[in-house]
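The lines below spell out each chain.
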Amino acid sequence: MEILRFGPDDSDRLAQHLEIVNAARAVDAPWEHPATLRGQEGRFRHGWDGEVETPYVGLDEGTPVAAGQIATTDYDNLHLAWVGVQVHPDHRRRGLGTAMLEELLTEARARGRTSVGIDGWDDEAPRGFATRHGFEQKSSAIERRQRLDEVDWATIERLRAEASGVAKDYEILRREGRTPDHELEELALLASAINDAPTDDLDIEDEVFSAERMRGYETAQLARGHRMFRVWARHRETGEQAGHTVVLVEEERPHLAHQHDTAVVRAHRGHRLGLLLKTEMNLWLREVQPQLAEISTWNAESNDHMIGVNDAIGYRVVGRELEFQKSL
Ligand SMILES: CC(C)(COP(=O)(O)OP(=O)(O)OC[C@H]1O[C@@H](n2cnc3c(N)ncnc32)[C@H](O)[C@@H]1OP(=O)(O)O)[C@@H](O)C(=O)NCCC(=O)NCCS
């Protein structure tokens with residue numbers, strides 16, 4: 001297999017990579033929507049917050065058979081590289097996954113990283129492959145989905161009313177699109193609250209957020225063709241930002257939305273803000289994005305509090321992912 005590293009301008013390689021990702025997805029996780037060319041191009045051009053993964057494609061006499069990615073950040077976790085490997089279902093158990101992984105581990109070492117993470121759906125192949133390569137399972141994450149045509153809106157409204165009765169000290173605000181510059185510093189503090197979410201046995205450090213990184217995140221997500229909706233809570237007495245939740249709606253497939261961070265700053269926990277923010281988001285999106293069919297979200301399996309909120313508003317499990325790590 002010939003392994004080629006490429007960038008977002010290489011449309012042929014991008015299409016080959018997409019072909020592998022979707023062939024694997026159809027077999028390994030049929031509940032997942034196929035990736036799109038625009039989505040993948042945006043992913044490798046803009047990343048999550050401006051830092052981009054590097055994609056690879058593996059060709060067997062010109063036919064794409066494997067895909068790979070490596071991600072590292074310079075903001076924090078300088079010891080870590082996160083990699084991904086997908087092999088076309090018709091070409092498995094021929095050592096191609098191993099060859100792609102080795103290429104990615106070489107790149108991780110070249111970047112000075114000493115630890116590598118990889119994830120896969122909770123299945124025999126990812127478990128066997130990870131174990132074979134010396135990775136240990138360190139965490140698990142659950143994907144849940146809220147189907148808006150099945151949501152019990154009376155429950156959402158009741159939960160919002162109950163939560164707002166408890167959270168009287170907070171004003172709830174909505175914003176579509178960018179955060180103004182003068183609020184970015186405070187938004188970074190708010191975003192840092194995500195570091196309190198459980199990371200189980202993963203050897204990872206707290207993420208470091210700054211105004212610049214928040215700007216990078218919003219710029220990247222908008223450039224990728226998402227509409228961004230943020231609901232946040234401000235403590236009336238001090239004016240502090242107490243919590244937020246962010247949902248992105250795909251422009252290309254406006255019936256699909258993705259839950260990003262929901263976080264409440266420690267000093268403001270215990271006032272039902274999590275539930276209030278998420279129910280408020282649901283009611284706002286029903287009004288302004290009536291075409292929306294579903295919202296997908298990810299949580300560490302051990303994140304009881306957030307999962308409790310999600311269960312209450314009708315999110316249902318669609319998949320379980322395992323996260324593995326090893327030191328190099
Ligand atoms: C996991 C995956 C990348 C493996 O690709 P592959 O090309 O079949 O892997 P290899 O042929 O290099 O396998 C290397 C070893 O991994 C283990 N392994 C791979 N698939 C396995 C399976 N289905 N069951 C048990 N062990 C498996 C075996 O030890 C195998 O060696 P062997 O074939 O000599 O027994 C492939 O199944 C895939 O694309 N899955 C979906 C994406 C994914 O989950 N990627 C990340 C997994 S951590």
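Reading the values: rules and limits
- Residues numbered from 1 in each chain as written.
- Predicted model: local features only at pLDDT ≥ 70, side-chain atom pairs only at ≥ 80, totals over all residues.
- Heavy atoms only, no water.
- Axes fitted to C-alpha atoms, helices over the stretch in contact; angles between N-to-C directions.
- Helix = DSSP H or I, 4+ residues; strand = E, 2+ residues; numbered from the N terminus.
- Parallel < 35°, antiparallel > 145°, perpendicular 65-115°, else oblique.
- Contact = heavy atoms within 4.5 Å.
- Nonpolar A, V, L, I, M, F, W, Y, C, P; charged D, E, K, R; others polar.
- Near = heavy atom within 4 Å.
- Polar contact = N/O pair within 3.5 Å; in protein donor to acceptor, adjacent residues only side chain to side chain.
- Buried < 20%, exposed > 50% of the residue type's maximum accessible area, 1.4 Å probe, protein only.
- Pairing = 2+ DSSP bridges.
- Domains from an automatic or database assignment.
- Buried area = accessible area lost by both parts, 1.4 Å probe.
- Salt bridge = Lys/Arg side-chain N within 4 Å of Asp/Glu carboxyl O.
- Left-handed = near helix turned anticlockwise from the far one by under 90°.

**Looking at the packing of helix H6 (residues 184-192) against helix H7 (residues 211-223)**
When two helices pack together, their arrangement is given by the angle between the helix axes and the distance between those axes. Where H6 meets H7, the closest approach of the two axes is 8 Å, and the angle between their N-to-C directions is 85 degrees. The orientation of H6 relative to H7 falls into the category roughly perpendicular. Residues Leu184, Glu185, Leu187, Ala188 and Ala191 of H6 form the contact with H7, whose participating residues are Ala211, Met214, Arg215 and Glu218. Looking at side-chain class alone, the contact of H6 with H7 contains six nonpolar, no polar and three charged residues.

**Comments concerning the site of the ligand**
Residues in close proximity to the ligand total 20 residues, the closest being Val85, Val87, Arg93, Gly95 and Thr98. Arginine 93 has a polar backbone atom sitting 2.7 Å from an oxygen atom of the ligand. Take threonine 98: an N or O atom from its side chain is 2.5 Å from an oxygen atom of the ligand. Elements with a contribution of two residues or more to the shell around the ligand: strand S4 (80-87), helix H3 (96-110), strand S5 (115-121) and helix H4 (124-132). Residue composition of the shell around the ligand, by class: seven nonpolar, six polar and seven charged.

**Side note on the side chain of histidine 268**
Structurally, histidine 268 is set in the loop between strand S10 (256-264) and helix H8 (273-288). Classification of histidine 268 as buried rests on a relative accessible area of 5%. When residues no more than four places from it in sequence are discounted, the contact partners of histidine 268 are Tyr170, His235, Glu240, Ala242 and Leu273.

**Thoughts on unusual backbone geometry**
For arginine 93, which is not glycine, the phi dihedral falls at a positive 60 degrees. Among the secondary structure elements, arginine 93 is positioned in the loop between S4 and H3. For arginine 93, a relative accessible area of 86% puts it in the exposed group.

**Quick word on the sheet that holds S10**
Strand order in the open sheet formed by 12 strands is S1-S2-S3-S4-S5-S12-S6-S11-S10-S9-S8-S7, with mixed pairing between adjacent strands. Each end of this open sheet is capped by a strand with a single partner; those strands are strand S1 (2-5) and strand S7 (170-176). Geometrically, the sheet is characterised by an average inter-axis angle of 25 degrees between neighbouring strands, direction not taken into account. Summarising the sheet, S7 and strand S8 (residues 226-235) pair through seven bridges and their orientation is antiparallel.

**Some words on the domain arrangement of the protein chain**
How big an interface is tends to be stated in terms of accessible area lost as the parts join. Entries for the protein chain in the domain assignment read domain 1 (2-113) and domain 2 (144-319). Across the boundary between the two partners, domain 1 contributes 21 residues, which contact 25 residues of domain 2. On the domain 1 side of the interface with domain 2, the three residues burying the most area are Arg38, Trp48 and Tyr75, jointly 30% of the side's total. Connecting domain 1 to domain 2 are four salt bridges. Arginine 38 is the partner of glutamate 251 in a salt bridge, and the nearest nitrogen-oxygen pair spans 3.3 Å.

**Description of the pairing of strand S9 (residues 241-250)**
By the criterion of burial, S9 is predominantly enclosed, with 10 of the 10 residues buried. Relative to S9, S8 runs antiparallel, the two being bridged by nine bridges. Residue methionine 228 lies in a different strand from S9, and its bridge partner there is leucine 248. Here S8 hands over to S9 after five residues, with glycine 239 in that stretch at a positive phi of 80 degrees. Here S9 runs beside S10; their pairing, made up of six bridges, is antiparallel. Each bridged residue has a counterpart across the sheet, and for glycine 243 the counterpart in S10 is valine 264.

**Structural notes on the side chain of arginine 230**
Here arginine 230 shows up in strand S8. Side-chain polar atoms of arginine 230 contact the side chain of glutamate 218, separated by 2.9 Å. Apart from residues lying up to four places away in sequence, arginine 230 is in contact with Leu173, Arg174, Arg175, Thr179, Leu187, Tyr217, Glu218, His244, Thr245, Val246, Met281 and Trp284.

**Points about the packing of helix H1 (residues 11-28) against helix H2 (residues 37-46)**
At a minimum axis distance of 10 Å, the contact between H1 and H2 shows a crossing angle of 110 degrees. One element, H1, and the other, H2, form an angle in the roughly perpendicular class. Crossing angle aside, the handedness with which H1 passes H2 is right-handed. Taking contact as the criterion, the partners of Leu14, Ala15, His17, Leu18 and Val21 in H1 are, on H2, Leu37, Gln40, Glu41 and Phe44.

**Comments concerning the pairing of strand S12 (residues 316-327)**
Along any regular strand, the residues point their side chains to alternate faces of the sheet. Of the strand pairs in this sheet, S5 and S12 are connected by seven bridges, and their pairing is antiparallel. Within S12, the residue paired with isoleucine 118 across the bridge is phenylalanine 324. In terms of strand pairing, strand S6 (residues 136-147) meets S12 through nine bridges, oriented antiparallel. Bridging from a neighbouring strand, serine 140 pairs with leucine 322 of S12.

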